Amino acid sequence: MKRQWAIIAGMALVFTACGLWQPYDAAAVDLMARHMPPSWDHPLGRDHLGRDVLSLLMLGAWHTTIVLVIVAGVSFTIGALVGTGAALAGGATETALLRTADLFIVMPQLVIALSLTSLFGLTPVTAGLALGIGGWGPYAILAHGLARRTMAQPFVLAAHALGVGRAGILSRHVLPNTLDTLLTYLASDAGRNVIAYASLAFIGLGADTSQPDWGALLFEYRKFIFDNAWLMLWPGLAILATTLVLHLALEPSMRFGSSVRS
Amino acid sequence: MVHLSRHVLQASLMLWGVSIFAFAIIHAMPADPVLITLVEMNIPVTPENEAVLRTEWGLDRPLIEQYGAWLWRFVGGDWGRSFRTDLPILSEFLQRLPYSATIGLGGLGIAAILALPLGFAAACRPGGTVDYLSRALSIGGQVIPAFWLGLVLLWLLAVELRLIRPFFGGAAEQLLLPTLLVGFYSIGSLGRVFRNELLAITVQPFFRTALAKGLTPETALRRHALRHALFGYVAALTPECAWVVGGTAIVEIVFAVPGISLFLVESIAARDYFVLQAYVMVVAVWMVLIHGLSLILRALLDPRTRR
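Residues numbered from 1 in each chain as written. Chains lettered and ligands numbered in written order. Predicted model: local features only at pLDDT ≥ 70, side-chain atom pairs only at ≥ 80, totals over all residues. Heavy atoms only, no water.

## Re the overall build of chain A
Scanning chain A from N- to C-terminus turns up 11 helices and zero strands. Counting only C-alpha atoms, chain A reaches 80 × 45 × 35 Å along its principal axes. Of all intrachain contacts in chain A linking residues separated by at least 6 positions in sequence, the fraction that spans at least 24 positions is 71%. Total accessible area on chain A is roughly 11,800 Å²; 68% of this is exposed by carbon and sulfur atoms. Taking the 15 positively charged and 14 negatively charged side chains of chain A as two groups, their mean positions are separated by 14 Å. (Helix = DSSP H or I, 4+ residues; strand = E, 2+ residues; numbered from the N terminus. Contact = heavy atoms within 4.5 Å. Areas by Shrake-Rupley, 256 points an atom, 1.4 Å probe, with all protein chains shown as cover. Lys, Arg positive; Asp, Glu negative; His and termini not counted. Charge placed at Lys NZ, Arg CZ, Asp CG, Glu CD.)

Next up, the structure:
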């Protein structure tokens, strides 16, 4: 458990550092140096505008971090509130809240996010908000299930019998017992959100094309598939490395060489 | 039967909710389709011209009336006309649906069949080479961005090796790569599902008896576990079909497949209200249908779930 959070914290730190410092100005255009292959000074080469690819990718890492933090915040907050609230409320309110969550599961996250970002423009902040709004459904269902299970435990019934109010049961018993699983699910969702954000930027509705997002860069570099195909390798590898680290950090049961579950 | 009718009622309520949401989100968009269309068609933007279009499209009426009129006609099969192409949206969808269905269902079908030998081989030797391979495929399906893998495959097969001409050949040549790509994204997880279904049976006493008789793991699995595992596999396969419509959007865009998702993206860019509404509804109806189908299938295959 500890190892997983350490890896995530380390990654957040590295990505934040990427946002604070890049070896070159990512926006600096030098048309004389178009499509320069990787060299000692520019380890990943320079793109069709002569920009340093490494610096662009580093800024992209920072944007991805912003998106991940916002998506996590939004979907976790809405999901936990609705799910736990439904479990506490019970009755018709519970049904109504859960059906609303179902509604957001039925509608594809990417379509909701596409519509919202084409509405408000595509920046890391709006993309994070849009993906969060499109993706909170599963969290609510999970939070509800966990809260229901906790509330059926004898110690919660005992607390109830002793006259502890709803707020007390929520803060002392339900949340401490559900938060761990919810947070783990949240983190295991991060890789999927990295790809979802890259997809949004790749499709590029409402995007500012000068923004160095991994998905947007890939969309740009895809045009050079015939003569400079190495260029489109980098953004993809950046996404792949991020999702792979997140995946291996968070799903130890799926790790290579781990014990086999039956 | 009571159970089934309750599900139908719930599904209809949910679709109604989706329709409200779809209508609301679209009408919240700040861009005005009337202005966009007038500018695109080089018609002078005068109040008169605006009013003509607004009346024709019914945009001058109160929102609640617009919603009611749209829903009524939608259920009746009149999905309105696209602002952009001026064609009936229903026929646009029907024209594009075969492309989306081919890459979605085709890819899933290929994966579903290939996952059987993969899962079986993985279950024969848990922890063996094939098991690692299936695990790697499953992880790969989750961590490799589809649009990037699509581009790399394009580069490798079309540019370097010149094996296919994805954008100039016939429909089959165009749809081959996207279909295989969708298949790649399902085969790993489906293989894992089948493997786990098989392994779940190996702990049963009757299976241990089979091994104790001296059967090799392969024979024991084939004779005593395969049929049980297939039931679970089919039940797990049905929900997978849910994302076939709507979930392959990014693949359609990379390979310029003229399917419904590409249509959607073009329409969102042009603020084509009714297309977006129709798309959300199509996806939601499909999801609800698949969900219902998987419930029925589960009940047919496994009497224990019939309550």
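Let's pick the thread back up.
## A short note on the overall build of chain B
Each helix and strand counted, chain B has 13 helices and zero strands in total. Reading chain B from its N end, one meets helices and strands in the order α-α-α-α-α-α-α-α-α-α-α-α-α. Taking 307 residues into account, the globule formula puts the C-alpha radius of gyration at 19 Å, and chain B, at 24 Å, lies well above it. For chain B, the spread of C-alpha atoms along the three principal axes comes to 90 × 60 × 30 Å. Per-residue burial over chain B gives 48% buried out of 307 residues. If you take every contact in chain B between residues at least 6 apart in sequence, the share linking residues at least 24 apart comes to 73%. Total accessible area on chain B is roughly 15,000 Å²; 68% of this is exposed by carbon and sulfur atoms. Here chain B holds 23 positive side-chain charges and 20 negative ones, and the gap between their average locations is 20 Å. (Rg over C-alpha atoms; globule rule 2.2 N^0.38 Å. Buried < 20%, exposed > 50% of the residue type's maximum accessible area, 1.4 Å probe, protein only.)

## Quick look at empty space enclosed by the protein
Tallying each qualifying case throughout the model produces three cavities of 30 Å³ or more. Its boundaries defined by the atoms lining it, the largest cavity holds a volume of some 40 Å³. Lining of the largest cavity is provided by Met107, Val111, Ile112 and Ser115 of chain A together with Phe21, Ile25, Leu276 and Val280 of chain B. Elements with a minimum of two residues in the lining of the largest cavity: helix 4 (109-120) of chain A together with helix 1 (2-27) and helix 13 (273-301) of chain B. For the lining of the largest cavity, the per-class residue count stands at seven nonpolar, one polar and no charged. (1 Å grid on protein atoms, 1.4 Å probe; cavity = no way out; pocket = protein on both sides within 12 Å on 5 of 7 lines; lining within 4 Å. Points joined across faces, edges and corners; volume = space filled by probe spheres on them. Nonpolar A, V, L, I, M, F, W, Y, C, P; charged D, E, K, R; others polar.)

## Here's the deal with the environment of Trp57 of chain B
All names here are of chain B. One can find Trp57 in helix 3 (residues 47-57). Separated by 31 residues in sequence, Trp57 and Pro88 have C-alpha atoms that sit 13 Å apart. Leaving out residues up to four positions away in the same chain, Trp57 has contacts with Pro33, Val34, Thr37 and Phe83.

## Quick look at the packing of helix 8 (residues 171-201) of chain B against helix 10 (residues 217-240) of chain B
Residue and element names in this part refer to chain B. At a minimum axis separation of 8 Å, helix 8 and helix 10 run at an interaxial angle of 140°. Between helix 8 and helix 10, the interaxial angle falls into the category oblique. Crossing handedness for the pair helix 8 and helix 10: right-handed. Taking contact as the criterion, the partners of Ser189, Leu190, Val193, Phe194, Glu197, Leu198 and Ile201 in helix 8 are, on helix 10, Leu221, His224, Ala225, Leu226, His228, Ala229, Leu230, Gly232, Tyr233, Ala236, Leu237 and Glu240. Of the residues that constitute the contact of helix 8 with helix 10, the class distribution is 13 nonpolar, four polar and two charged. (Axes fitted to C-alpha atoms, helices over the stretch in contact; angles between N-to-C directions. Parallel < 35°, antiparallel > 145°, perpendicular 65-115°, else oblique. Left-handed = near helix turned anticlockwise from the far one by under 90°.)

## Some points on the side chain of Ser55 of chain A
Tracing the backbone shows Ser55 of chain A in helix 2 (residues 53-89). Those residues in contact with Ser55 of chain A that sit more than four places away from it in its chain are Gln22, Pro23, Tyr24 and Ala26 of chain A.

## Some remarks on the interface of chain B and chain A
On the side of chain A, 47 residues touch chain B, which itself brings 47 residues to the contact. Here chain B packs against chain A, burying approximately 4,000 Å² in sum over the two surfaces, 81% of which is carbon and sulfur. Linking chain B with chain A are zero salt bridges. If you look at where chain B meets chain A, you find two residue pairs in polar contact (both at pLDDT 80 or more). When residues of the side of chain B that touches chain A are traced back to their parent elements, those giving at least two are helix 1, helix 6 (129-143), helix 7 (146-160), helix 8, helix 11 (249-254), helix 12 (260-269) and helix 13 of chain B. Of the residues forming the side of chain B that touches chain A, the biggest block, eight residues, is contributed by helix 6 of chain B. For the side of chain B that touches chain A, a count of residues per class yields 37 nonpolar, six polar and four charged. (Buried area = accessible area lost by both parts, 1.4 Å probe. Salt bridge = Lys/Arg side-chain N within 4 Å of Asp/Glu carboxyl O. Polar contact = N/O pair within 3.5 Å; in protein donor to acceptor, adjacent residues only side chain to side chain.)

## Digging into the confidence of the model for chain B
Residues and elements named next belong to chain B. For chain B, per-residue confidence averages 84 on the pLDDT scale, and residues scoring 70 or more make up 95% of the total. Looking across chain B, the model is least confident in helix 2 (residues 33-40), with a mean pLDDT of 74, and most confident in helix 5 (residues 89-124), with 91. Both confidence scores are given for the complex: pTM 0.86, ipTM 0.85. (pLDDT = per-residue confidence, 0-100.)

## Here's the deal with the packing of aromatic side chains
Centre distance and the angle of the planes are the two values used to describe a pair of aromatic rings. Tallied over the entire structure, the rule returns 15 aromatic pairs over all chains. When the centroid spacing of 5.2 Å and the interplanar angle of 70° are considered together, the rings of Phe23 of chain B and Tyr67 of chain B count as edge-to-face. Placement of Phe23 of chain B in helix 1 and of Tyr67 of chain B in helix 4 (residues 63-75) is noted, with a sequence separation of 44 residues between them. A single burial state applies to Phe23 of chain B and to Tyr67 of chain B, both of which are buried. Note that Arg222 of chain A overlies the ring of Phe219 of chain A, its terminal NZ or CZ placed 4.0 Å from the centroid. (Phe/Tyr/Trp six-rings, centres within 6.5 Å; stacked < 30°, edge-to-face > 60°. Lys NZ or Arg CZ within 6 Å of the ring centre and 35° of its normal.)

## Topic: a nonpolar patch on the surface
All names here are of chain A. Together, Trp5, Leu175, Leu179 and Leu183 make up an exposed nonpolar region whose accessible area comes to about 290 Å². Counting residues per element, the nonpolar patch draws most heavily on helix 8 (residues 166-188), at three residues. Structurally, the position occupied by Trp5 is in helix 1 (residues 2-20). (Patch = residues over 30% accessible without salt bridge, like charges linked within 9 Å, V, L, I, M, F, W, Y side chains within 5 Å.)

## What to know about the nonpolar core
Side chains of a nonpolar character, in soluble globular proteins, are inclined to be buried together. Within the largest apolar cluster, 150 residues are counted, with the highest numbers of intra-cluster contacts made by Val18 and Phe93 of chain B. Here Val18 of chain B is in contact with Leu103, Val106 and Met107 of chain A together with Val280, Met281 and Ala284 of chain B, once residues within four sequence places are set aside. Counting seven residues, the second-largest nonpolar core is a separate cluster that includes Ala80, Tyr139, Leu146 and Leu186 of chain A. (Core = buried A, V, L, I, M, F, W, Y, C linked by side-chain atoms within 4.5 Å.)

## Points about the environment of Glu94 of chain A
Residue and element names in this part refer to chain A. Within the secondary structure, Glu94 is located in helix 3 (residues 91-106). Note on Glu94: relative accessible area 11%, which makes it buried. If we ignore the near neighbours within four places in the chain, the residues touching Glu94 are Ala86, Ala87, His144 and Arg148.

## Some thoughts on the environment of Arg61 of chain B
On the secondary structure map, Arg61 of chain B appears in the loop between helix 3 and helix 4. What Arg61 of chain B contacts, discounting residues up to four positions off in sequence, is Gln66 and Ala69 of chain B.

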